[in-house]
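Chains, contacts and geometry: an overview
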Number of protein chains: 2
Amino acid sequence: MKRVIIVEDEAIIATEIEYYCIDLGYKVVGKFMNGDAALDGFATLDPDIALLDINIKGSKDGIDLARVIREKYNFPFVFLTSYADVATLEKVKEVLPYGYIVKPFTENDIRSNIEIALFKFGQESMGGFPSQASIFNKLNIQLTDREYQLFQGLYEGLSNKAMADTYFISINTVKTYLKSLFTKLDVSSRGEAMKKAIDLMKG
Amino acid sequence: MKRVIIVEDEAIIATEIEYYCIDLGYKVVGKFMNGDAALDGFATLDPDIALLDINIKGSKDGIDLARVIREKYNFPFVFLTSYADVATLEKVKEVLPYGYIVKPFTENDIRSNIEIALFKFGQESMGGFPSQASIFNKLNIQLTDREYQLFQGLYEGLSNKAMADTYFISINTVKTYLKSLFTKLDVSSRGEAMKKAIDLMKG
DNA sequence: GCTAAATTCACCCCTTTGGGTGGTTATGGG
DNA sequence: CCCATAACCACCCAAAGGGGTGAATTTAGC
């Protein structure tokens, strides 16, 4: 079941969207009325998609949120919009949204926009390495930053020596943290660890 | 660019579908008017999706083709149908198609059915190991049966010893064919080979 | 200040992997 | 029959990997 976050400051609209999402079989894991709270939600709730009101209240608007999503997270976003001036539209295009839902909307608008966004995102980013939060949510495993970094390097097919050179650390540090990573993942070879990452990406 | 195979015995309709597919940005790699020829096409043309007329001429109808696709290949199919009696509809449901295009159809019908089918298939089968034909088409590399089998085992995270035990061969045979596989893939570790498989699956 | 966790790194030892060399047998096509 | 290809297997040796032990330093929370 895909997890949806809704960022919309008009309570009636947010509730309507939530109602449609649930009716369509999605799981609404968070509803936020301002951008700062939404950012915390992105970090902790591991959504599969976010629906963002462009003109959201708070120090961060929908476009700011979209930028953060693109930099730090691995899920698509769709904008909710009722109107937009030319300058805003230009900014909107810069962050490359996966769709727009124009208010007032129907349930079918929600459905098709979410489906298409997930599809486009799937096409574009199949192979996106799971985030630390995602690994925690799916496996209940908390990786340290270094463990996570080496997990990524390993997934890229890098040898221990290549990782040491790439991250400017000793090969002994690489071995140390691969050891702890393997223990956490309950595997005993890099092949098994890579497979674990692949399986995580299947959902 | 996604590769489409059309299996339809009414020439005018087949040509119309081909026209729409090309207009929508897909590549039509094969058009077949009977089921036996279509089977050959599936084996050699590496399609991303097949559009199957239910009542196709030949010893194999659309439903038979769908069964073979499900058993032997790794791509979705959408049925083309103008009418269907209850018995046929039951059989159709058994093979779990990814959509239906009802005649007469519009270009939008073609577009949305192909998009949704590819999306559903991507969701369902992300992680499907590429076929030998697919590897040949994408990398121009012809793997022998044994090389391919070991590539799959490696992708599952198996050690050389585990592969030897699983396939009832000597570990020396495993090493021999991993060596030739690595040469063909131009990699020098199992990690790199696994990554190559992952990248192949991204398309 | 103390403690726990994270990070950094070393070293030991054994196993596994991968590049190389070589040989035999079976099969299919010309 | 001949040749090319595929499959089967062995052995050598060096490099890489992985499980273990240990120590020092840094950071954050109590």
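Residues numbered from 1 in each chain as written. Chains lettered and ligands numbered in written order. Predicted model: local features only at pLDDT ≥ 70, side-chain atom pairs only at ≥ 80, totals over all residues. Heavy atoms only, no water.

1. What to know about the domain arrangement of chain A
To keep things clear, this is the line we draw: Start and end positions for the domains come from either an automated domain assignment or a database one.
When its domains are assigned, chain A resolves into domain 1 (3-125) and domain 2 (132-202). On a C-alpha basis, the centres of domain 1 of chain A and domain 2 of chain A stand 31 Å from each other.

2. Topic: the relation of the copies chain A and chain B
Put simply, the rule is: A residue counts toward the fit only if its pLDDT is at least 70 in both copies, and the copies are then superposed by least squares on the C-alpha atoms of those residues. Every residue pair with non-hydrogen atoms within 4.5 Å of one another is taken to be in contact.
Mapping chain A onto chain B leaves a residual RMSD of 0.5 Å; the transformation is a rotation of 179 degrees accompanied by 0.0 Å of translation along its axis. Both chain copies can therefore be described as sitting about a two-fold axis. By C-alpha distance to the rotation axis, the residue of chain A lying nearest is A:Phe119, at 2.5 Å. With an isologous cut-off of 70% or more, the 100% of interface residues of chain A that recur at the interface of chain B puts this contact in the isologous class.

3. Remarks on the protein's contact with DNA strand D
To keep it simple, the criterion reads: Here a residue is near a molecule or strand as soon as one of its heavy atoms is found within 4 Å of it. Side-chain atoms alone can form a polar contact between residues adjacent in sequence; in general such a contact is a pair of N or O atoms within 3.5 Å, and within protein one must be able to donate a hydrogen while the other accepts it. In this description a helix means any DSSP run of H or I spanning at least four residues, a strand means any run of E spanning at least two, and both kinds are numbered starting from the N terminus. Basically, the charged four are Asp, Glu, Lys and Arg, the nonpolar ten are Ala, Val, Leu, Ile, Met, Phe, Trp, Tyr, Cys and Pro, and anything else, Gly included, counts as polar.
Neighbouring DNA strand D are 17 residues; A:Lys179, B:Arg146, B:Ser170, B:Asn172 and B:Tyr177 lie closest to it. Backbone atoms, meaning sugar plus phosphate, form 55% of the atoms of DNA strand D positioned within 4 Å of the protein. Contact between DNA strand D and B:Asn172: a phosphate oxygen at 2.4 Å from a side-chain N or O atom of the residue. For the surface near DNA strand D, the secondary structure elements donating two or more residues are helix 9 (171-185) of chain A together with helix 7 (145-155) and helix 9 (171-185) of chain B. Among the elements that line the surface near DNA strand D, the one with the most residues is helix 9 of chain B, at four residues. Partitioning the surface near DNA strand D into residue classes produces three nonpolar, nine polar and five charged.

4. Here we look at the pattern of salt bridges
All names here are of chain A. Here is the rule: Salt bridges are defined by distance alone: a side-chain nitrogen of Lys or Arg within 4 Å of a carboxyl oxygen of Asp or Glu. Think of it in three bands: with a 1.4 Å probe and only protein chains considered, a residue is buried below 20% of the maximum accessible area for its type, exposed above 50%, and partly exposed in between.
All chains considered together, the criterion is met by 20 salt bridges over all chains. For Arg-67, the salt bridge goes to Asp-64, with nearest N and O atoms at 3.9 Å. One end of the pair, Arg-67, and the other, Asp-64, are both in helix 3 (residues 62-72), three residues apart, so they sit about a helical turn from each other. With relative accessibility at 34%, the residue Arg-67 sits in the partly exposed group. Of the residues examined, Asp-64 reaches a relative accessible area of 27% and is grouped as partly exposed.

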